[in-house]
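What follows is each chain in one-letter form.
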Amino acid sequence: MAVRDGVVAWLGSDSVGVEQFPHAEVLDLDGALVTPAFVDSHVHLTETGLCHTGLDLRPATSARHCLQLIADYAAAHPSGPLRGHGWDDSGWLDGSALATAAIDAIVGDRPVYLSRADVHSAVASTALRKLVPGLPAGPDADAPLTGDAHHLVRAAAGSLLTAEERSRARTAALDAAAAAGIVAVHECAGAEIGGLDDWLELRALGRDGAGVEVVGYWGEAVTSAARARDLIAETGAHGLGGDLFVDGALGSHTAWLHRPYADEPACTGVCHLDLDAVTAHLAACTEAGVTAGFHVIGDAAVTTVVTALERVVEKFGVPAVARCGHRLEHLEMVDAQQAAKLGAWGVIASMQPVFDALWGGDDGMYARRLGAERAAGMNPFALLASQGVPLAFGSDSPVTALDPWAGVRAAAHHRTPGSAISMRAAFAAATRGGWRAAGINDGITGTLVAGAPASYAVWETDRLAVEAPRDTVQRWSTDPRARVPALPVLDSGVSPRCRRTVHRGVVLHG
């Protein structure tokens, strides 16, 4: 492969082609894989970086273990606010949940914010709760916060971060992305995520064009085309969507369901935006030619958005809606009829395959929350692909790790029979799919063909050959006719290690 001025100039194996570039710097990769670089279609960079620089609770196997991790970190960092992420009680053997009283016993009067794995609930110390008027009192004062209460305490915790802490976190997140072979991320920002200041600082960080590319989405509902245009101008975002919450998450019992949760019969989740609000936002964005999007997980939330899209299609027509490239983030509970409509309207499904790997299956969190029958329909990649719904894959980091190969593996090895897609389709969704979701539809970005941006990653293959059976390792082909050539078989769970990441000819990692 020859690269000139950040563009792939030539691919081939014949010596005649090589002779076209007699003065080129030559890099012999000694049998490594070269692939198009990945795009992560849903991230939260500052929070991701805070996991890298702060308290990571994802390893916790029980409430007791989690409290010990908190105590150890608090002892090593004896002053100031404390922030952690990643506890997931759905898999804890002791069945306990974190509580404010237990946190207070460790940290005293320090402000502490500890978000659950899905970032839709959190435990807060009393000192932090005092900063937010109107939080639940009495018996509920000890329980994890969800819904609007969580949004408020999350904002209060964010306000305690210094500019240096935010900057260090973002740098750590972008470095981690580059080290994972990722050259672009879709930052899902919003007033209820990190706030406007956090997004503007992140946007300024990425303006030099020398690092991982950041495509921003701002999650704020609008009711007029004029406001949609103004908000795009004010924020510099690519679209008005991302985590614009229609509902919450299954793990926190806040995803909005038609029928109650199997393990909490009095609960059907949380509705943040009703049908009229969703319709108004979609209509305003479509009229303005702006990409709209929503966070939707529960089946009631999906039904609300599909119904709103029907209304907007009736008003503006399919071409006007399709041109905007509206997006649905997560889209975990969608049926065949809805999938067919979304495919016809050009609506993009921005999904996270590792969710199924973590929480799917007969004994996973989905089955406990919904029952086995409803859980079997979660994350139906094959159904969506069969109905022509464009797929873009991401991590929702810090909910899951920045590991795009793990996402490809999870999509191709879905835990529900019939819901998986091929390894090639999964890889395409994690590369070309991310560019397409960002509105780049030139047919070559995200591939390795002559004329494409030189955005690629180089992967060590020896690790796969050693840790996986040798006959399961397929070498990457750079044949330009092969669009998505043979990929490594990832059955062993081992991901290739990134040796180098290059974006538009600039080395980002390695």
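Preceding block: the structure.
All values reported here derive from a predicted model rather than from experimental measurement.

**A look at the sheet that holds strand β8 (residues 121–124)**
Move 1: As summarised here, the arrangement of the five strands in space is β5-β6-β7-β8-β9, forming an open sheet in which the pairing is mixed. Taken across any chain shown, the strands that pair with only one partner, and hence form the sheet edges, are β5 (55–56) and β9 (145–146).
Move 2: Bridge analysis of strand β6 (residues 82–87) against strand β7 (residues 112–116) gives five bridges, and the strand direction is parallel. Among the inter-strand pairings, G84 is bridged to a residue of β7, identified as L114.

**Digging into helix α4 (residues 100–107)**
Move 1: Among all positions of α4, only T100, I103, D104 and V107 are buried. In an axial view of α4, the angular spread of the buried residues amounts to 100°, which keeps them on one side of the axis.
Move 2: Residues of α4 that are buried make contact with α3 (63–76), β7, β8 and α5 (126–129).
Move 3: Downstream of α4 by a residue or two, G108 has a phi angle that is positive, lying close to 70°.

**Comments concerning the environment of P390**
Move 1: With respect to the helices and strands, P390 occurs in the loop between α17 (381–386) and β16 (391–393).
Move 2: Residues P390 and M1, 389 residues apart in the sequence, show an inter-C-alpha distance of 29 Å.

**Quick look at the packing of α3 against α4**
Move 1: Between α3 and α4, the shortest axis-to-axis distance is 10 Å and the interhelical angle comes to 30°. Taken together, the axes of α3 and α4 lie roughly parallel to each other. α4 is crossed by α3, and the crossing has right-handed handedness. Of α4, the residues touching α3 (which contributes L67, I70, A71 and A74) are A102, I103, I106 and V107.
Move 2: When its residues are assigned to classes, the contact of α3 with α4 shows eight nonpolar, no polar and no charged.

**Focus on the pattern of salt bridges**
Move 1: This model, assessed by the stated rule, comprises 18 salt bridges.
Move 2: Across the pair R369 and D263 runs a salt bridge whose closest N-O atoms are separated by 2.8 Å. You can see R369 sitting in helix α15 (residues 365–370) and its partner D263 sitting in the loop between β12 (239–240) and α10 (275–288), a full 106 residues away along the chain.
Move 3: Using a relative accessible area of 7% as the deciding quantity, one classes R369 as buried.
Move 4: Residue D263 is classed as partly exposed on the basis of its relative accessible area, which comes to 34%.
Move 5: We note a salt bridge from R311 to D276, for which the minimum N-O separation is 3.7 Å. Here the residue R311 occupies a position in helix α11 (residues 299–316), and D276 occupies one in helix α10, the gap between them amounting to 35 residues.
Move 6: What makes R311 partly exposed here is its relative accessible area of 37%.

What counts, and where the lines are drawn
Residues numbered from 1 in each chain as written. Predicted model: local features only at pLDDT ≥ 70, side-chain atom pairs only at ≥ 80, totals over all residues. Heavy atoms only, no water. Pairing = 2+ DSSP bridges. Helix = DSSP H or I, 4+ residues; strand = E, 2+ residues; numbered from the N terminus. Buried < 20%, exposed > 50% of the residue type's maximum accessible area, 1.4 Å probe, protein only. Arc of directions from axis to C-beta. Contact = heavy atoms within 4.5 Å. Axes fitted to C-alpha atoms, helices over the stretch in contact; angles between N-to-C directions. Parallel < 35°, antiparallel > 145°, perpendicular 65-115°, else oblique. Left-handed = near helix turned anticlockwise from the far one by under 90°. Nonpolar A, V, L, I, M, F, W, Y, C, P; charged D, E, K, R; others polar. Salt bridge = Lys/Arg side-chain N within 4 Å of Asp/Glu carboxyl O.

In short, geometric facts, not functional conclusions.
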